[in-house]
Amino acid sequence: MDEIQKNLLEQVAGLHEMPSGAYNIRANGQSVERSTTAHIDIVTKTDKQGIDIVIKPGTKKESVHIPVVLSQSGLTEMVYNDFHVGDDCDVTIVAGCGIHNSGDSDSRHDGIHSFYIGRNSHVKYVEKHYGSGDGKGERIMNPETVVEVGENSFMEMETVQIKGVDSTRRLTKAKLADNAKIVVTEKIMTHGSQFAETSFQVDLDGEGSSANIISRSVARDDSRQLFLSRINGNNRCAGHSECDGIIMDNAKISAIPEITANDLDAALVHEAAIGKIAGDQIIKLMTLGLTEAEAEAQIVNGFLK
Amino acid sequence: MLELQNLSFQVSDEADGQKEIIKNLNLTFEDHSFIAITGPNGGGKSTLAKLIMGIEQPTWGKIIFDGTDITHMNITERAKLGISFAFQQPVRFKGIKVRDLITLAVGGSKNNPNICDYLSKVGLCARDYINRDIDASLSGGELKRIEIATVIARDTPLAVFDEPEAGIDLWSFNNLIQVFEELHASRSNSLIIISHQERILNIADEIVVLADGSLQARGRREDILPELLKGTESCRFYQKA
């Protein structure tokens, strides 16, 4: 890998060198490095682009890194990654995509990640998106995450898109079995003329299942964001979604929540708050000696931390 | 030394046109003094505090701080010059922790060993609070104490507190009195405290009574406080307003 690719890798996966545990690194449309362990296997798909990650039942305290980097301008790819997580597992999965585009053609990575999680398992899934390069070509990412959470299992998902992605449409679908739980924390910052759409569709099918979707976003310059969330409570369950947005300059954010209770014992809540940075927050930090610009940066950094 | 010269502050009022909140006020605050400003609600006390910090700009007049005309300086410039301010209603943030705010206040590293001391001084156990977000999860009283801790942490030549007692429970109030006494005893800071509380007025060197935007009285605590304690009906300072 060249320096640009190494930098992208560090941004999206925090990797300075090859990680321990299982990993698959994809660069410019090809798998360039792979490692498996006794409990985690990674197999290339034969019918389409992508890999199957198979995590054996009882795998504990192991991690899988599957970052993708694109540094070739004009490259477009569609990748399918399927995660089969057995019963009684406790694993961390780090994905992420970095695009460096210094050319005039659009570079685009679309990925569909499907999770099939067994019983009594805990999966922490971390996904970061990052773009760099000063070409006219756009950096486009459209990730789709499809999750089936088994009985008594817990999916913890953290997604971050802070810089450089011109256009993104993110779709997350989840189906939960009895006593299954999902917590999603999403952080997005858009600037320039970027556009980001994030959509959640959660079916709380199981008795005692729960979902908590927390989105924090900052839109600057002329950028636009759209937050959609749909939670269906189909059993005795608890669902909560929260969209908290800061708008600056000429940016626009829309939040469209939808909660449907199909069961008398479904408890569903949606909260959304969009607005500019509160003036008294800036004033407070200025009384501590920060300039207005420093105060603003501190508030935004804290908000997305 | 802080000097207010012919200070006036007007706002537009839909009903009456211009409304004068502060009326041609002339006051001097000596260094290392502890001055309590009191008076009826709506008398202009909080506005005066904001004018000193630069949160509001006066319509006329001048503010001189240690010989420098700060009238047209912004909040940041005044803060850097050595004025700090505790809000009557502290601000909440999302994602900023108690540790972050106090670190910003001391303007130094996060490992400053004194961060815990500042919290202890306001009656908060540092271990329980240092990593808490300054958001709706904190009660009004807790926020207020953290607010006061940020001002103690700044350790500036002049500290202005806008009704520090508001929202604080009785137990913490004793603590607060002790904080002001210690600050004053160190004689390194000048304190201007807006307050209605007898116990705060009782530890001040001087009391300024402000009503209807004008100076009603100013003098040594021994002279002013007994008059104030007669009650608003018979108090000659309040009757003037």
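Here, the structure is the one placed above.
Nothing here was measured: the structure is a model prediction, and the numbers come from that model. (Residues numbered from 1 in each chain as written. Chains lettered and ligands numbered in written order. Predicted model: local features only at pLDDT ≥ 70, side-chain atom pairs only at ≥ 80, totals over all residues.)

### Brief notes about the overall build of chain A
Here is step 1 of the chain: Scanning chain A from N- to C-terminus turns up three helices and 20 strands.
Here is step 2 of the chain: Radius of gyration (C-alpha) of chain A: 20 Å, near the 19 Å computed for a compact globule of 305 residues.
Here is step 3 of the chain: The buried share of chain A, reckoned over its 305 residues, is 45%.
Here is step 4 of the chain: Considering only contacts within chain A whose residues lie at least 6 apart along the sequence, 81% involve residues at least 24 apart. (Helix = DSSP H or I, 4+ residues; strand = E, 2+ residues; numbered from the N terminus. Rg over C-alpha atoms; globule rule 2.2 N^0.38 Å. Buried ≥ 20, exposed ≤ 12 C-beta atoms within 10 Å, placed from the backbone. Contact = placed C-beta atoms within 7 Å.)

### Describing the sheet that holds strand 5 (residues 68–69) of chain B
Residue and element names in this part refer to chain B.
Here is step 1 of the chain: A sheet is described by the order of its strands in space; here four strands give the open sequence 2-1-4-5, paired in antiparallel fashion. Of all the strands in the sheet, just strand 2 (17–29) and strand 5 have a single pairing partner and so form its edges.
Here is step 2 of the chain: Here strand 4 (residues 60–65) pairs with strand 5 via two bridges, running antiparallel. Within strand 5, the position partnered with Phe65 by the bridge is Thr68. (Pairing = 2+ DSSP bridges.)

### Considerations on the pairing of strand 4 of chain B
Regular strands have side chains that alternate between both faces of the sheet.
Residues and elements named next belong to chain B.
Here is step 1 of the chain: Where strand 1 (residues 2–13) and strand 4 come together, five bridges link them in antiparallel fashion. Within strand 4, the residue paired with Gln5 across the bridge is Lys62.
Here is step 2 of the chain: Linking two consecutive strands that pair antiparallel, namely strand 4 and strand 5, is a turn of two residues; a positive phi of about 50 degrees is found at Asp66 within it.

### Details of the sheet that holds strand 6 (residues 83–86) of chain B
Residue and element names in this part refer to chain B.
Here is step 1 of the chain: Sheet architecture is open: six strands sit in the order 6-7-8-3-9-10, paired in mixed fashion. Two strands close off the open sheet at either side, each with one partner strand: strand 6 and strand 10 (214–220). For this sheet the average axis-to-axis angle between neighbouring strands, irrespective of direction, equals 15 degrees.
Here is step 2 of the chain: Contacts from helix 1 (residues 45–53) reach strand 3 (34–38), strand 6, strand 7 (158–162), strand 8 (190–194) and strand 9 (206–211), with the element oriented near 150 degrees to strand 7.
Here is step 3 of the chain: The sheet contacts of helix 9 (residues 221–228) involve strand 3, strand 9 and strand 10, and relative to strand 10 the element is tilted by about 125 degrees. (Axes fitted to C-alpha atoms, helices over the stretch in contact; angles between N-to-C directions.)

### Section: the pairing of strand 5 (residues 60–65) of chain A
All names here are of chain A.
Here is step 1 of the chain: Examined bridge by bridge, strand 1 (residues 22–27) and strand 5 share two bridges and lie parallel to one another. Within strand 5, the position partnered with Ala22 by the bridge is Val64.
Here is step 2 of the chain: Two elements, strand 5 and strand 8 (residues 90–100), share five bridges in a ladder whose sense is parallel. Considered in strand 8, the bridge of Ser63 is made with Thr92.

### What to know about helix 2 (residues 279–287) of chain A
Here is step 1 of the chain: For helix 2 of chain A, every residue scored as buried is listed here: Gln281, Ile282, Lys284, Leu285, Met286 and Thr287 of chain A.
Here is step 2 of the chain: Buried-residue contacts for helix 2 of chain A involve helix 3 (292–304) of chain A together with helix 1, helix 2 (75–81), strand 6 and helix 3 (98–106) of chain B.
Here is step 3 of the chain: One or two residues past the end of helix 2 of chain A sits Gly289 of chain A, with phi positive at roughly 105 degrees.

### Section: the interface of chain B and chain A
Here is step 1 of the chain: Counting residues at the interface gives 20 residues for chain B, matched by 16 residues for chain A.
Here is step 2 of the chain: The element best represented in the side of chain B that touches chain A is helix 2 of chain B, accounting for four residues.
Here is step 3 of the chain: Here the side of chain B that touches chain A is composed, by residue class, of eleven nonpolar, five polar and four charged. (Nonpolar A, V, L, I, M, F, W, Y, C, P; charged D, E, K, R; others polar.)

### Let's talk about the nonpolar core
Here is step 1 of the chain: Ranked by size, the top nonpolar core spans 89 residues in total, and within it Ala149, Val160 and Ile193 of chain B carry the most contacts.
Here is step 2 of the chain: When residues in this core are grouped by element, the largest group, seven residues, is from helix 6 (residues 140–154) of chain B.
Here is step 3 of the chain: If sequence neighbours within four positions are ignored, Ile193 of chain B has contacts with Ala36, Phe161, Pro164, Phe180, Ile200 and Ala204 of chain B.
Here is step 4 of the chain: Formed by 54 residues, the second largest nonpolar core is a distinct cluster that contains Leu9, Met155, Ile182 and Cys237 of chain A. (Core = buried A, V, L, I, M, F, W, Y, C linked by C-beta atoms within 7 Å.)

### Here we look at helix 7 (residues 170–186) of chain B
All names here are of chain B.
Here is step 1 of the chain: Compared with the 24 Å implied by 1.5 Å per residue over 17 residues, the 25 Å span of helix 7 between its first and last C-alpha is a close match.
Here is step 2 of the chain: What helix 7 keeps buried is the set Ser172, Leu176, Val179, Phe180 and Leu183. Viewed along the axis of helix 7, the buried residues span an arc of 90 degrees, placing them on a single side of the element. Opposite the buried face of helix 7, at more than 90 degrees from it, the exposed residues are Leu170, Trp171, Glu181, Glu182 and Ala185.
Here is step 3 of the chain: Structurally, helix 7 contributes buried residues whose contacts are with helix 4 (115–121), helix 6, strand 8 and helix 8 (198–201). (Expected span 1.5 Å × (residues − 1). Arc of directions from axis to C-beta.)

### Quick look at the packing of helix 2 of chain A against helix 3 of chain A
To characterise two packed helices, one gives the angle between the axes of the helices and the distance between these axes.
Residues and elements named next belong to chain A.
Here is step 1 of the chain: At a closest axis distance of 9 Å, the pairing of helix 2 and helix 3 adopts a crossing angle of 115 degrees. Two packed elements cross with a definite hand, and for helix 2 against helix 3 that hand is right-handed. Contacts between helix 2 and helix 3 involve Gln281, Ile282, Leu285 and Met286 from the first element and Glu292, Ala295, Glu296, Gln298 and Ile299 from the second.
Here is step 2 of the chain: Each residue belonging to the contact of helix 2 with helix 3 can be placed in one class, and the counts come to five nonpolar, two polar and two charged. (Left-handed = near helix turned anticlockwise from the far one by under 90°.)

### Thoughts on unusual backbone geometry
Residue and element names in this part refer to chain A.
Here is step 1 of the chain: The backbone phi angle of Lys61 is positive, close to 55 degrees, even though this residue is not glycine.
Here is step 2 of the chain: Relative to the helices and strands, Lys61 is located in strand 5.
Here is step 3 of the chain: On the basis of neighbour counts, which here come to 9 C-beta atoms within 10 Å, the residue Lys61 falls in the exposed class.

### Notes on the environment of Ala196 of chain A
Residues and elements named next belong to chain A.
Here is step 1 of the chain: In this structure, Ala196 sits in strand 15 (residues 195–204).
Here is step 2 of the chain: Assessed through the 24 C-beta atoms surrounding it within 10 Å, Ala196 is described here as buried.
Here is step 3 of the chain: With 54 residues separating them in the primary sequence, Ala196 and Asn142 have C-alpha atoms 9.6 Å apart.
Here is step 4 of the chain: Beyond its immediate stretch of four places on either side in the chain, Ala196 contacts Gln161, Thr168, Ile188, Thr190 and Gln225.

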